[in-house]
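Below, each chain spelled out in residue letters.
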Amino acid sequence: MVRTRRTLIDYLWASPGSVVGVALGLVALLAGARWSAHRGVIEVALRREDQRRGVMPIVAITFGHVVLGRTAADLERLRAHEHAHVAQYERWGPLFFLAYPCASLLALLRTGRPYHDNCFEVEARAAARRSREAPPGGGLAPGSRRYSGPSRPSARD
Ligand SMILES: [Zn+2]
């Protein structure tokens, strides 16, 4: 679940990642990127929808409390996934820089798919799926009983 309330400890513990994100974000802003804030996370859209594609080989990437994405639409579409990575930075702090590549190495050795089967990516995809399945407003649909999401991830992920 994506947390909505963050503490100072969350920001401090994840700050090594955020420093990297802010540095990259500042360079991007100098090059014309735009930023916004959502639920305590800075999101930097590297280009507008009508601009030519850039050289960024990935759609979005998270560093601490900073998410860099190709466009604002990409950031919105991937918000739940990237905010799950923010929560991982809050959990792992500076160790995330080591934990993520180790998880990729384990996934590579286990299945040959270092990105797709990385446990952090699996968790982020599950969070995004839960977010899509949750009714608007986050929990209770009008006239419905309490929402209870899927009990476990599907076999597709
Ligand atoms: Zn991811």
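Remember, it's a predicted structure, so these values are computed and weren't measured experimentally. (Residues numbered from 1 in each chain as written. Predicted model: local features only at pLDDT ≥ 70, side-chain atom pairs only at ≥ 80, totals over all residues.)

Caption draft 1: Layout of the overall build of the protein chain. Along the backbone of the protein chain there are 6 helices and 4 strands. Starting at the N terminus and walking to the C terminus, you meet the elements of the protein chain as α-α-β-β-β-β-α-α-α-α. For the protein chain, the proportion of its 157 residues judged to be buried stands at 29%. Looking at the protein chain alone, contacts between residues at least 24 apart form 51% of all its contacts between residues at least 6 apart. (Helix = DSSP H or I, 4+ residues; strand = E, 2+ residues; numbered from the N terminus. Buried ≥ 20, exposed ≤ 12 C-beta atoms within 10 Å, placed from the backbone. Contact = placed C-beta atoms within 7 Å.)

Caption draft 2: Highlighting the packing of helix 4 (residues 79–92) against helix 6 (residues 119–133). Viewed as axis vectors pointing N to C, helix 4 and helix 6 meet at an angle of 130 degrees, and their least axial separation amounts to 8 Å. In terms of orientation, helix 4 lies oblique with respect to helix 6. With respect to the hand of their crossing, helix 4 and helix 6 are arranged in right-handed fashion. Residue-level inspection shows A80, H81, A84, H85 and Q88 of helix 4 in contact with helix 6, the latter providing F120, E123, A124, R125, A127, A128 and S131. Here the residues of the contact of helix 4 with helix 6 are counted per class, giving 6 nonpolar, 4 polar and 2 charged. (Axes fitted to C-alpha atoms, helices over the stretch in contact; angles between N-to-C directions. Parallel < 35°, antiparallel > 145°, perpendicular 65-115°, else oblique. Left-handed = near helix turned anticlockwise from the far one by under 90°. Nonpolar A, V, L, I, M, F, W, Y, C, P; charged D, E, K, R; others polar.)

Caption draft 3: Representation of the sheet that holds strand 2 (residues 41–45). In space, the 4 strands of this open sheet follow the order 1-2-4-3, with mixed pairing throughout. With partners counted over all chains shown, the strands left at the sheet margins are strand 1 (34–38) and strand 3 (60–63), one partner each. The sheet shows a mean angle of 20 degrees between the axes of neighbouring strands, taken without regard to direction. As paired strands, strand 2 and strand 4 (residues 66–69) are joined by 4 bridges and run parallel to one another. (Pairing = 2+ DSSP bridges.)

Caption draft 4: Representation of the environment of H81. Turning to its location among the elements, H81 is positioned in helix 4. When the C-alpha atoms of H81 and T62 are compared, they prove to be 9.7 Å apart, with 19 residues separating the residues in sequence. Here H81 is in contact with A124, R125, A127 and A128, once residues within four sequence places are set aside.

Caption draft 5: Summary view of the nonpolar core. Ranked by internal contacts, the top residues of the largest apolar core, which has 16 residues, are V44, A60, V66, V67, L68 and L75. Among the elements of the structure, strand 2, strand 3, strand 4 and helix 4 are those that each provide at least two residues to this core. Those residues in contact with V66, other than ones at most four positions away along the chain, are S18, G21, V22, G25, I42 and V44. The next biggest cluster of nonpolar side chains, apart from the first, holds 6 residues, and it includes A80, A84, A124 and A127. (Core = buried A, V, L, I, M, F, W, Y, C linked by C-beta atoms within 7 Å.)

Caption draft 6: Seen up close, the confidence of the model for the protein chain. With 78% of its residues at a pLDDT of 70 or more, the protein chain shows a mean pLDDT of 86. Across residues 138–157, confidence stays below pLDDT 50; counting only partners more than four residues off in sequence or on other chains, it has 17 contacts. (pLDDT = per-residue confidence, 0-100.)

Caption draft 7: Quick peek at unusual backbone geometry. At R39, a residue that is not glycine, the phi angle is positive and equals roughly 50 degrees. With respect to the secondary-structure elements, R39 resides in the loop between strand 1 and strand 2. Judged by local crowding, R39 falls into the partly exposed class, with 14 C-beta atoms found within 10 Å.

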